[in-house]
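Residues per chain, in single letters:
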Amino acid sequence: MLAGIHLLALGRVPPPDESQIRRLAQILDLAPLEARRHLQPPGPRLIATCGDRARAQDLHRQLVQAGFSALLLAGEDVPDDGQRFPVRSFRLEPTALEVTARDGRPLTMPYGALRLVLRGVARESRTQVETSVQRRLSLTKAVVTGGLLASSEKKVETKSTTEQREGFVHLYADGLPCLLLREGELLYQGLGPLLQPTRTANWTTLLRELRRLAPAATVEERLTTTAGQSTILGTLSPEHFLDVAVALLVQAAGPPPP
C-alpha cells in the first residue's frame, strides 16, 4: 500500500514562532494557517507524502537547512507486524522479560536494555450488509390479477458497522527485535500471583509491572486514542496507516530500529 511513497514528517516540534511558520509555508507551499497547524507540539507530525523520491529528499534537505527536525521515511521501510516478534506467553523474571512467540521461539529482553514502551489501540471497522424482503399491500396488483396477487415485494438492504478495538504494546531494546504484545492474544499466567480474573485487568497489571521493572524506558502512549493517532498522521487514516505513526514515533524517540 505504501510502496513507492515517501513520508515527510517533523520530529520534535517546539512552540512555533512567526518566522518558522513562514519558512515551513514557503518550503511546502502551504497557507500560513496550515503551516501553523503542523507546528503545534509535540511531534512527530506527518506533513507531506511524495511519490517522487528526489522531490522528497529535496524537501527534507530544505527543512533541515531551515532548522527543522525533519524525518524522511520510505513507505516500503515502514515495519509491520510481520517484522515484529509476536509474543504469546511471558514470564516476569527479576532482571528480564522472558517471552515465547506463537511458534515456540524463546527470547529474553533484559529490563535494563528496554528503551521504549510504545502503547497503542488498533481499531478495525467491519460493515455487514443484510438483505430482507418487505411485503406490502398493493391494490393495483389486486385489481389487475383479480385478487390473486394483493402484495408487492421490495428488497431492503440494512448496513451495520461495528468497531473492534485491541490494545497493543511494542517493546524496543538494543540489539533485539521489537516485541509485539497484543491484549487479546497473550496468555497471562506469567503474571503468577498477580494474575487477575479478567483479561483487561491482566493487561493493565502487565503494563504497570513493565513500568516498574524498566523505570528508565520511555513510555509513549499517544497511539492509545484516535485523537493522538490523527494528530501524528494528519490526513492518513489511523485504521489503515497506524504502522506509519508507529514508525514515526520510533524515529522521533531515537531507539534502534525494530
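Quick note: structure is the one above.
Bear in mind that the values here come from a model prediction, so they are computed numbers and not experimental data.

**Focus: the sheet that holds strand 1 (residues 6-10)**
Move 1: As summarised here, the arrangement of the three strands in space is 2-1-3, forming an open sheet in which the pairing is antiparallel. Whereas interior strands pair on both sides, the edge strands pair on one side only; in this sheet they are strand 2 (45-50) and strand 3 (70-74). With direction set aside, neighbouring strand axes in the sheet form an average angle of 25 degrees.
Move 2: Pairing between strand 1 and strand 2: five bridges, direction antiparallel. Bridge pairing in strand 2 places histidine 6 opposite cysteine 50.
Move 3: The strands touched by helix 3 (residues 53-65) are strand 1, strand 2 and strand 3; relative to strand 3, the strand with the most contacts, the crossing angle is about 165 degrees.

**Re the pattern of salt bridges**
Once their charged atoms are close, side chains differing in charge can pair, the charge on each being opposite to the other.
Move 1: Summed over the entire model, instances satisfying the criterion amount to 17 salt bridges.
Move 2: Aspartate 81 serves as the salt-bridge partner of arginine 84, at 2.7 Å between the closest nitrogen and oxygen.
Move 3: Note that arginine 119 is salt-bridged to glutamate 221, the shortest N-O span being 2.9 Å. One end of the pair, arginine 119, is in strand 7 (residues 114-137); the other, glutamate 221, is in strand 10 (residues 218-223), and 102 residues separate them in sequence.
Move 4: A relative accessible area of 24% means that arginine 119 is categorised as partly exposed.
Move 5: For glutamate 221, a relative accessible area of 30% translates into the label partly exposed.

What counts and what doesn't
- Residues numbered from 1 in each chain as written.
- Predicted model: local features only at pLDDT ≥ 70, side-chain atom pairs only at ≥ 80, totals over all residues.
- Heavy atoms only, no water.
- Pairing = 2+ DSSP bridges.
- Helix = DSSP H or I, 4+ residues; strand = E, 2+ residues; numbered from the N terminus.
- Axes fitted to C-alpha atoms, helices over the stretch in contact; angles between N-to-C directions.
- Contact = heavy atoms within 4.5 Å.
- Salt bridge = Lys/Arg side-chain N within 4 Å of Asp/Glu carboxyl O.
- Buried < 20%, exposed > 50% of the residue type's maximum accessible area, 1.4 Å probe, protein only.

It is worth stressing that arrangement in space is one thing and function is another; only the former is reported here.
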